[in-house]
Structures are given as structure tokens and as C-alpha cells.
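Residue-level structure breakdown
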Amino acid sequence: MAGRINDDDVKAVRDAVPIDSVVSEYLQLRNAGGGNLKGLCPFHDEKSPSFQVSPSKGLFHCFGCQEGGDTIAFVMKIDHLSFSETVERLAAKAGITLRYEEGGYNPGHQRGERIRLIEAHKAAAEYYAGQLASPEAEIGRRFLAERGFDQAAAEHFGVGYSPAGWDHLTRFLRGKGFSDKELVVSGLSQEGRRGPIDRFRGRLMWPIRDVGGEIVGFGARRLREDDTGPKYLNTPETPIYKKSQVLYGIDLAKKEIAKSSRAVVVEGYTDVMACHLAGVTTAIATCGTAFGGEHIKILRRLLMDNGSARVIFTFDGDAAGQKAALRAFEDDQKFAAETYIAIAPDGMDPCELRLAKGDDAVVDLVEPRTPLFEFALRQIVNRYDLDTPAGQAAALNEAAPVIAKLKDLSVRQRVAVKLAGLLGIMEDQFVVRRVSQIAQWQRGKGDAPGPARRQRTYDDVPAPEATAGPALNLRSPAHRTERELLKLALQRPDLVSPFFDAYGVDEFTAPPYAAVRQCIQDAGGTDGAPADYVDAVLEAASNDTVRALVRELVVEAIFVAKGVDEVYASMQLVAVRLRAVDRRIDQLNAALKRLGHTNPEQVTAAQQELYVLQQYKVALQSHGAAAL
């Protein structure tokens, strides 16, 4: 059994591997003065660098989370290795042969799991690369050639081929001393009826490396029509491979990403190859999953959020590509970098674009042009019918939080004005104020707004639910009146029925209140409300957030000094309806402004509706609830 590593060898490893060279494989380091270096801490989220490295002392320390230690401690924590695994890994990097006490050292015995799995993947990659030259792999070489990749390109990216037989790789790795258990745990093999068989068979293979350059998995592309598996098959989750934490090409791109403060996110392995060969050496891709928060952490440590950082997403121009872009926008504000989107003409991906128009077209594609937020904003607004008040309100409610996330105040205000014009809202300052209100709330609440915040939905038009903006301001006459009317509808339905049941969901301007109105409607309304009426409303709530608001409105006191009666209820009914009428009048005026003289029939219809509403408003002001 292998014993403890000799103390002198541990010291030799520690001295031989400079801490700054190891740390810089995972994050960008910059001069901190006094001979020290600084960067964004890889062990906790932060927006300004508090992580410092002292090359002369061989130590690191984070003033934010208090993590610290030497080179060995850093690698142990960031790669989740044991002490002996870390020393063995660093010794291999430095070319140091380790001595083991208490019985000597057997290289194949009692190695750490991670190191064994890494070694298995390294051997597999070499095997696959060698197989690419075999007669059987002609189909793979043809696939690469048809996409503009020659032998040199395949060698640069380590592309290989997995033979179509059942257990070629498995038998090869057994011959290298790996056990069946190690091969299955690694994801290179899987259990068959008579023992382990190869997981990847008859496919083109891309080795996937972590930030440190170690091979942790593979991406396999289907080549033959009789292969009934998915087009791309990736390594399953293993102790060393987590798809949400790896980026294909990061090992090749990391230095240029750090140097240029720029990263290009593409969708596939061939797109990464095409970009790098075209000169865009900052290209990386996710491995069979959406771009998410863990990927952002990797890039942020390299970009270091220096204010001039740029991240450009390239997605296919089809519906799936647009959804991918919008999913990326969900996490956009976790970057301090500016984010952009690039969609090639005719929906081509970078690989197709390089074939059709050459390297220069790929370079031109990823020049920052369309901010990701603008793309997301257009996608949101285009999904609504802006000729209806409900459509305008819904578009504003969803688009305003998007604009509020813009960091530059002047840009935020200009875009808010553009949104007002796009929506046909004449009072553009109303939109600017709404965006500003949400921006202030976001700054105060950060990324954890609490249970009342609504999660944005881009796949379809969301139903009214809890608000995506700041807590409601009870000093706002509109919100206060809407809240009072809902409390009456829940606590004293007899005072507001049957009028309340004729009120539309869109008459409640605050999204959470609209959601409660919908619940009351779904529960059967206020007219003839049974004893278990509130239970029915709670049952109709779409989620726990709306349910909590219903409970809150049920127990909150109604704000009236002389007691709750029909007069007070009538006042709230009329106030809410009057504001709804005023909003519709404003929308019609805006529509008339947009229409001009382009469509006489629509202009006439809008003018007629406007006249009726103006008369109705006068009646409400003169006769109150009697005009409802």
C-alpha cells in the first residue's frame, strides 16, 4: 500500500510550482501593488477583486471570504482534491518523482480517484485521436473536411474517432491498468449484459477540458444513419465532469479572454473550431446545456469585470436560437461585462458562415453591435398586441424591468423613451418614471428580491402573477385604491357584488393585484359568495406567492375611519373604474397619434370609442356607482 508522501518532496513540489502560474489558470490576475496580484475570488461571488496572491511568499488570501493558503491549498479547494492527489498532480506538472514512505510507491495503486479518472480520459483521448486515421474513420474525416477542417485542425483540437465495436476502448484501457469500476465511474464505459462496454461507438469525438487543461469528458457526434442515438452525446455527470461547470474551448481561449477582456459564446464544438481558425480565439461553447450561472462564474474570473469587458453570444436565427438568447439574458446581469448578441445572415452558425463567406465574415459577425438587452426587449414587445390596452400594459410590465437593469442612467432613460414610442404611450415620462422606480428597487434589493418577485418568462405570454417590480407603494392612489377594492372583495364581497365581477383583470394595474383578481374570478366571483369563498380563492391561486398575497389582503384592515359600508365600497369601485377609463382614453389618443391618416376605418373606430368613453367618464363623475 502506498504510504505518506515524503516531506522533502512535498516541499520541492511547493517550491517548484509558482502559485501565480497555477492560480492564473483559473482566473485573471492583475497588479495589486507591492509585488502582489489580485483577481476575483473563485470561492465566492464578488464584484470587485478582494482575492490576492503573493508570488514571493507562495500564498493567496481572499479578504472577502477569508480563504487562504499556499499552492497546494488552492488546488485542493478549487478542484476538490485530497492532499495527496494535489501533490501528485502538481508533481506531474513539475516533473518531480515522488517518494512514498511506509512501503514504497506503486504508481498504479491507491491513486486518488480524480487523478485516476483524469488519466483514463487522457489515455482515451490519445486512443481516439489515433483512431481518426483508421479506414473505419473515413466517414469522420469526411465530416470534418466538409466543414472546412483539415488534419491540422483536428490535431489542434484533439478531435478523434471512437470505433463502432462494442468494447474497443474498454479493452484498451484495461490494458493500461484501469479497473472496470474506474471505467464505468469515468463515463467512458457503461454496463453491458456481459460487463462494461464502450459508451461512445462510431462517433466523432471532441475532448472537453476544464480551465486547468485537464480532459474531463467528451462530446460525441453521430455520423451514421443507423445510429439511433442523439445527434450529440456527451459524457454523463461524473465526479470530474459537471456539464453546468465546463465550457468547451476554455483551455484554448482563456489567455486571450483575459488579455482582450472579451469572450464569444457559440453553440457547438464545430462553431468553436471555426471561430478559432478564423482568428476569433476567444470563442467557447457550453456542452449540451444552456449557458448559466456557473458558466458566468468561470468567465467573470477571466474577464475580471473591468468595465470594458464584452461578452458576445452567437445563436442560430431560428426560434430555438432566439429562446437560447433569451435564456442567456436571464443571467445577463450577473456579468459586469457588456453583453451583445450576434445572429448571422440566413440563420447560419459560425461554422456554416466560415464555409460560405470565409474567415473575415466570422470575425465581422462577432463585432459587438446589438446589445443583448435590446434583442430581449424586441422579443418581448413583439409578442403583444399593442392595439389593445391589455397588450400595452402587459408589454410595459414585462419590458420595464428589462430596461431597469441597464447600468448607464442616460442609456436607460433613452431606451425607456423609445419603449414609450414603441408601445404608443404618449406620456413617455410615465414610462421613464416606471423604469426608474424599478431600477431603484433593484439596486436596493440586488438579486434576491424576496417572494413577491415574479420570475420572467420568455417561452410564452405569462399569466398575471406576482410583480416583477418594487414593493407596491401604498401612497400611489391607483395602487391604494386597487388594494382597497380587493380587500373589500375578499372580506366583504356582499358590498361590491355584482359590480366587481364585471371588472376585468386589466383594470388592476399592479400585476400582483391583477393576479388576485384572476383568482377571485376563477373561484366563482363575489356574487353569492359561499362561506368557504376565501378557501376557494386560495385554491385558485397560481402559486404560493399569489396565495400569500390573498391571505395578506384577507387579514389587512380596510382603511376607512367610520366603518365599512356601501358608500365606501362604491367609492372604491368608481375610483378603479375611472382610472381604467382614463387609461383607455390615453391609449386611444396614442393609437390615433400612431395611425395618423394611414387607416381611415381604424381612425373612425377609435374616435367613436373615444367619444363613448368620454361620455361614460362624465357619467361616473356625476352619478358615481349608479353609472357602473
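A quick note: this is a predicted structure, and the numbers were derived from the prediction, not measured.

Regarding unusual backbone geometry
Proline 498 follows serine 497 through a cis peptide bond whose omega is 0°. Looking at the element boundaries, proline 498 is found in the loop between helix H21 (493-496) and helix H22 (511-522). For serine 261, which is not glycine, the phi dihedral falls at a positive 55°. The residue serine 261 is located in the loop between helix H10 (250-260) and strand E12 (262-266) in this model.

A word on the pairing of strand E14 (residues 310-314)
Of all five residues in E14, four are buried, a share of seventy percent or more. Pairing analysis gives four bridges linking E12 to E14, with the strands arranged parallel. Residue pairing across strands places arginine 262 opposite arginine 310, the latter belonging to E14. Looking at chain direction, E14 and strand E15 (residues 338-342) are connected through five bridges and run parallel. Note on E15: the bridge partner recorded for phenylalanine 313 is isoleucine 341.

Examining the environment of threonine 526
Here threonine 526 lies in the loop between H22 and helix H23 (533-540). With 34 residues separating them in the primary sequence, threonine 526 and arginine 492 have C-alpha atoms 8.8 Å apart. When near neighbours in sequence (up to four residues on either side) are disregarded, threonine 526 contacts Ala489, Pro493, Val496, Ser497, Phe500, Asp501, Ile520 and Tyr533.

What to know about the state of the cysteines
In the structure shown here, the tally under the stated rule is zero disulfides. Sulfur of cysteine 41: no disulfide; nearest cysteine sulfur belongs to cysteine 62 and is 3.6 Å away. Looking at cysteine 41, the relative accessible area reads 4%, which means it is buried. With no disulfide of its own, cysteine 275 has cysteine 351 as its nearest cysteine by sulfur position, at a separation of 9.3 Å.

Some thoughts on the nonpolar core
Residues Phe51, Phe74, Ile250, Ile257 and Leu299 are the most contacted members of the largest nonpolar core, which totals 49 residues. Tallying contributions element by element places helix H12 (residues 293-303) first for this core, with five residues. One finds Leu132, Leu144, Cys287 and Ala361 within the second-largest nonpolar core, a separate group that totals 45 residues.

Some remarks on the pattern of salt bridges
The final tally for this structure, using the stated rule, is 28 salt bridges. The shortest N-O distance in the salt bridge between glutamate 67 and lysine 77 comes to 3.5 Å. Within this pair, whereas glutamate 67 is found in the loop between strand E4 (59-62) and strand E5 (68-70), its partner lysine 77 is found in helix H3 (residues 71-79), the two being separated by ten residues in sequence. On the accessibility criterion, lysine 77 (34% relative accessible area) is partly exposed. Where arginine 174 meets aspartate 180, a salt bridge forms, and the shortest distance between an N and an O atom there is 2.8 Å. Since its relative accessible area comes to 31%, aspartate 180 is described here as partly exposed. Among the charged side chains, a salt-bridge network with shared partners connects Arg116, Glu119 and Glu182.

Some words on the sheet that holds strand E3 (residues 51-54)
Across the sheet, five strands lie side by side as E1-E2-E3-E4-E5; this open sheet has antiparallel pairing. The open sheet terminates on both sides in strands that have one partner only, identified here as strand E1 (30-33) and E5. Strand-to-strand twist across the sheet, computed as the mean angle between neighbouring axes with direction ignored, equals 25°.

Quick notes on empty space enclosed by the protein
Inspection of every chain in the model, using the stated rule, returns four cavities of 30 Å³ or more. Of the volumes computed, that of the largest cavity is approximately 50 Å³. Taken together, twelve residues line the largest cavity, and the ones lying closest to its centre are Thr314, Phe315, Met348, Asp349 and Pro350. Of the residues contributing to the lining of the largest cavity, the split by class is seven nonpolar, one polar and four charged.

Some points on the packing of aromatic side chains
The final tally for this structure, using the stated rule, is 16 aromatic pairs. Ring geometry for phenylalanine 51 versus phenylalanine 60: centroids 5.4 Å apart, planes at 25°, classification stacked. Among the aromatic residues, those joined into a cluster by ring pairs are Tyr26, Phe43, Phe51, Phe60 and Phe74. Directly above the aromatic system of phenylalanine 143 lies the positively charged group of arginine 147, at a separation of 3.6 Å from the ring centroid. For arginine 577, the ring lying beneath its charged end belongs to tyrosine 503, and the centroid distance is 4.1 Å.

Describing the sheet that holds strand E10 (residues 215-222)
Spatially, four strands are ordered E6-E9-E10-E11 in an open sheet, and the strand pairing comes out antiparallel. Strands with a single pairing partner mark the edges of an open sheet, and in this sheet they are strand E6 (160-162) and strand E11 (232-234). In this sheet, adjacent strand axes meet at a mean angle of 35° when their direction is disregarded. Where E10 meets E11, three bridges bridge the pair, whose relative direction is antiparallel. Bridge assignment links glycine 219 to a residue of E11, and that residue is asparagine 234. Packed on one face of the sheet, helix H5 (residues 113-131) meets E6, strand E9 (203-209) and E10 and runs near 35° to E10.

Focus: the confidence of the model for the protein
When the pLDDT values of the protein are averaged, the result is 83; 88% of them are 70 or greater. Low confidence marks residues 104-110, where pLDDT is under 50. Its contacts with residues over four positions away, or in another chain, come to twelve contacts. With pLDDT under 50 throughout, residues 446-469 is counted as low confidence; its partners more than four residues away or in other chains account for 59 contacts.

Considering H10
By the burial criterion, the buried members of H10 are Ile250, Ala253, Lys254, Ile257 and Ala258. All buried residues of H10 project into a common sector of 135° when viewed along the axis, lining one side. Away from its buried face, by an angle of more than 90 degrees, H10 presents the exposed residues Lys255 and Lys259. Buried-residue contacts for H10 involve E9, E12, helix H11 (269-278), strand E13 (283-285) and H12. A positive backbone phi angle near 55° is found at serine 261, which sits one or two residues after H10.

Quick notes on the packing of H22 against helix H24 (residues 544-555)
Viewed as axis vectors pointing N to C, H22 and H24 meet at an angle of 85°, and their least axial separation amounts to 10 Å. When the axis of H22 is compared with that of H24, the two are roughly perpendicular. Note on element contacts: H24 touches H22 through Val546, Leu549, Val550 and Leu553, opposite Pro512, Tyr513, Ala515, Val516 and Cys519. Its residues assigned to classes, the contact of H22 with H24 shows nine nonpolar, no polar and no charged.

Here we look at the environment of arginine 594
You can see arginine 594 is positioned in helix H25 (residues 566-595). For the pair arginine 594 and glycine 421, spaced 173 residues apart in sequence, the C-alpha separation works out to 9.0 Å. Not counting chain neighbours up to four residues away, the residues in contact with arginine 594 comprise Leu386, Asp387, Gln392, Leu423 and Gly424.

Points about helix H1 (residues 7-16)
Taken together, the buried positions of H1 are Asp9, Val10 and Val13. All buried residues of H1 lie within an arc of 105° about the axis, which places them on one face of the element. Those residues of H1 that are exposed and angled more than 90 degrees off the buried face are Asp8 and Asp15. Backbone nitrogen of aspartate 8 and a side-chain oxygen of the N-cap are separated by 2.8 Å at the start of H1; the cap is asparagine 6.

Rules used in this analysis
Residues numbered from 1 in each chain as written. Predicted model: local features only at pLDDT ≥ 70, side-chain atom pairs only at ≥ 80, totals over all residues. Heavy atoms only, no water. Helix = DSSP H or I, 4+ residues; strand = E, 2+ residues; numbered from the N terminus. Buried < 20%, exposed > 50% of the residue type's maximum accessible area, 1.4 Å probe, protein only. Pairing = 2+ DSSP bridges. Contact = heavy atoms within 4.5 Å. Disulfide = S-S within 2.5 Å. Core = buried A, V, L, I, M, F, W, Y, C linked by side-chain atoms within 4.5 Å. Salt bridge = Lys/Arg side-chain N within 4 Å of Asp/Glu carboxyl O. Axes fitted to C-alpha atoms, helices over the stretch in contact; angles between N-to-C directions. 1 Å grid on protein atoms, 1.4 Å probe; cavity = no way out; pocket = protein on both sides within 12 Å on 5 of 7 lines; lining within 4 Å. Points joined across faces, edges and corners; volume = space filled by probe spheres on them. Nonpolar A, V, L, I, M, F, W, Y, C, P; charged D, E, K, R; others polar. Phe/Tyr/Trp six-rings, centres within 6.5 Å; stacked < 30°, edge-to-face > 60°. Lys NZ or Arg CZ within 6 Å of the ring centre and 35° of its normal. pLDDT = per-residue confidence, 0-100. Arc of directions from axis to C-beta. Parallel < 35°, antiparallel > 145°, perpendicular 65-115°, else oblique. Polar contact = N/O pair within 3.5 Å; in protein donor to acceptor, adjacent residues only side chain to side chain.

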